[in-house]
Amino acid sequence: MRIKNENIFRVIAGVSLVMNVLLVSYFIHERITQKNSIAAAKVATNVLFSDDYGQDDIVFLGEERMQLCNWNALMGRRDIANLAFYRNTVEDEKKRIDMLFGKEQKPSQVVLMLGMADLENGVPVNEVMNRLDLYVDTLRSVLTETEILMISPLPFVPGKSRFYKNVTKENLQAFSLMQKMYARENDIAYVDLYNEFKDNDGALKPEYDFGDEFHLSLSGYQVWMNWLKPYLRRIED
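Residues numbered from 1 in each chain as written. Predicted model: local features only at pLDDT ≥ 70, side-chain atom pairs only at ≥ 80, totals over all residues. Heavy atoms only, no water.

Looking at the packing of aromatic side chains
For the record, the criterion: Aromatic contacts are taken between Phe, Tyr and Trp rings whose centres are within 6.5 Å, Trp giving its six-membered ring; a plane angle under 30 degrees counts as stacked, one over 60 as edge-to-face, and the others as tilted. Helix and strand assignments follow DSSP, with helices taken as H or I runs no shorter than four residues and strands as E runs no shorter than two, numbered in order from the N terminus. Exposure categories follow from relative accessible area, calculated using a 1.4 Å probe and restricted to protein chains: below 20% of the type maximum is buried, above 50% is exposed, and the middle band is partly exposed. For a lysine, the NZ atom is tested; for an arginine, the CZ atom; a charge sits over a ring if that atom is within 6 Å of the ring centre and within 35 degrees of the ring normal.
Across all of its chains, the model carries eight aromatic pairs by this definition. Consider the rings of Trp-71 and Tyr-221, whose centres lie 5.9 Å apart with planes at 75 degrees: the pair is edge-to-face. Here the residue Trp-71 occupies a position in helix α3 (residues 71-75), and Tyr-221 occupies one in helix α9 (residues 218-228), the gap between them amounting to 150 residues. In this pair, the class of Trp-71 matches that of Tyr-221, namely buried. When the centroid spacing of 4.8 Å and the interplanar angle of 70 degrees are considered together, the rings of Trp-71 and Trp-224 count as edge-to-face. Of this pair, Trp-71 sits in helix α3 while Trp-224 sits in helix α9, and the two are 153 residues apart along the sequence. Each member of the aromatic cluster is reached from another via a ring pair, and the members are Phe-60, Trp-71, Tyr-221 and Trp-224. One Lys or Arg, Arg-65, reaches over the ring of Phe-214 and ends 3.9 Å from the middle of that ring. Geometry around Tyr-164 places Arg-87 over its ring, the cationic atom sitting 4.2 Å from the centre.

Written as structure tokens, this is what we have:
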């Protein structure tokens, strides 16, 4: 009986050790993620109040897959200010308008990729489009000479990816279609990445997948670049 009790104790001790290792690993991961988020916020704050972009420049506003790319390096340009920020909603961007676009900060183009964070927060597709409409109207009232370019959401399968778990495949499809119609009706250039990047099941094509069924590989960004290039103003020699 004593031997059995000792074996049980060893099993319990072993399981406890494994659980402790897993918990320590989890908290280390969370701590690193938190530090990275703080660092990203500091960088975003620095860019937010920067005077490095003006009437000859292009501003990118959108979700994290736009944020993670160095567009100037990828496209061989020097006039893109990438102010996209992780999980920013349409309302978040609306609050940033006055800070981003002051008296001397009137870019030639603004490239928008918004709405995914709203869908993740449970906002219905129609309401997301209403918010986007109000945002564009406000943006146009501030940037009267600026061209607006809109980019569709990128595909993924919410059930398979750990990112944006509350977005449904149906909402994503509907949102992409409604954005396209909205852009056409409001004389806004529209880049349809959704239909280019999705496979037959509505997921991100494997050749564009970084490996987590959400983020893009280098080839994915290169295809995005090729679709975007014709819409961006030409660089003057």
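What follows picks up the thread again.
Quick word on unusual backbone geometry
Excluding glycine, residues mostly have negative phi values, and the peptide bonds linking residues are mostly trans. One non-glycine residue with positive phi stands out, namely Asp-187, at about 55 degrees. Counting through the fold element by element, Asp-187 comes out in the loop between α7 (169-185) and β5 (189-191). What makes Asp-187 exposed here is its relative accessible area of 73%. Even without being glycine, Glu-213 reaches a positive phi, approximately 65 degrees. Its place among the elements puts Glu-213 in the loop between α8 (193-197) and α9.

A few points about helix α6 (residues 125-142)
Put simply, the rule is: Helices are assigned an expected span. That span is 1.5 Å times one less than the residue count. Whether two residues are in contact is decided by their heavy atoms: any pair within 4.5 Å suffices.
Between the first and last C-alpha of α6 there are 26 Å, a value that for 18 residues agrees with the 26 Å anticipated at 1.5 Å per step. Those residues of α6 hidden inside the fold are in contact with β1 (58-62), α4 (90-100), β3 (109-113), α5 (116-120), β4 (147-151) and α7.

Regarding the sheet that holds β1
Put simply, the test is: We call two strands paired when DSSP finds no fewer than two bridges between them. Throughout, an axis means a line fitted to C-alpha atoms (over the contacting stretch in the case of helices), and angles, computed between N-to-C directions, take values from 0 to 180 degrees.
Taken in spatial order, the five strands make up an open sheet running β2-β1-β3-β4-β5, and their pairing is parallel. Edge positions in the open sheet fall to β2 (80-82) and β5, since each of these has one partner strand only. On average, each strand axis in the sheet is inclined to that of its neighbour by 20 degrees, with strand direction left out of account. Here three bridges tie β4 to β5, and the two strands are oriented parallel to one another. Its bridge partner being in β5, Leu-149 is matched across the sheet by Ala-189. Sheet strands in contact with α6 are β1, β3 and β4, and its direction is about 155 degrees off that of β4.

A look at the nonpolar core
Heads up, the rule is: Nonpolar cores were defined as sets of buried Ala, Val, Leu, Ile, Met, Phe, Trp, Tyr and Cys residues, with membership established by side-chain atoms within 4.5 Å.
Counting residues in each nonpolar core, the largest one holds 36 residues, and the members touching the most others are Leu-61, Phe-101, Val-110, Leu-112, Tyr-135, Val-136 and Leu-139. Sorting the residues of this core by element identifies β1, α4, β3, α5, α6, β4 and α7 as the ones contributing at least two each. In terms of residue count, α6 provides more of this core than any other element does, seven residues in total. If you look at the next biggest cluster of nonpolar residues, it comprises 25 residues, including Met-75, Ile-80, Ala-84 and Leu-204.

Section: the confidence of the model for the chain
Rules: Per-residue confidence from the predictor is reported as pLDDT, which spans 0 to 100.
Residue-level pLDDT values for the chain average 79, and 74% of them are 70 or greater. The low-confidence segment residues 11-51, where pLDDT is below 50, has twelve contacts with residues more than four positions distant or belonging to other chains.

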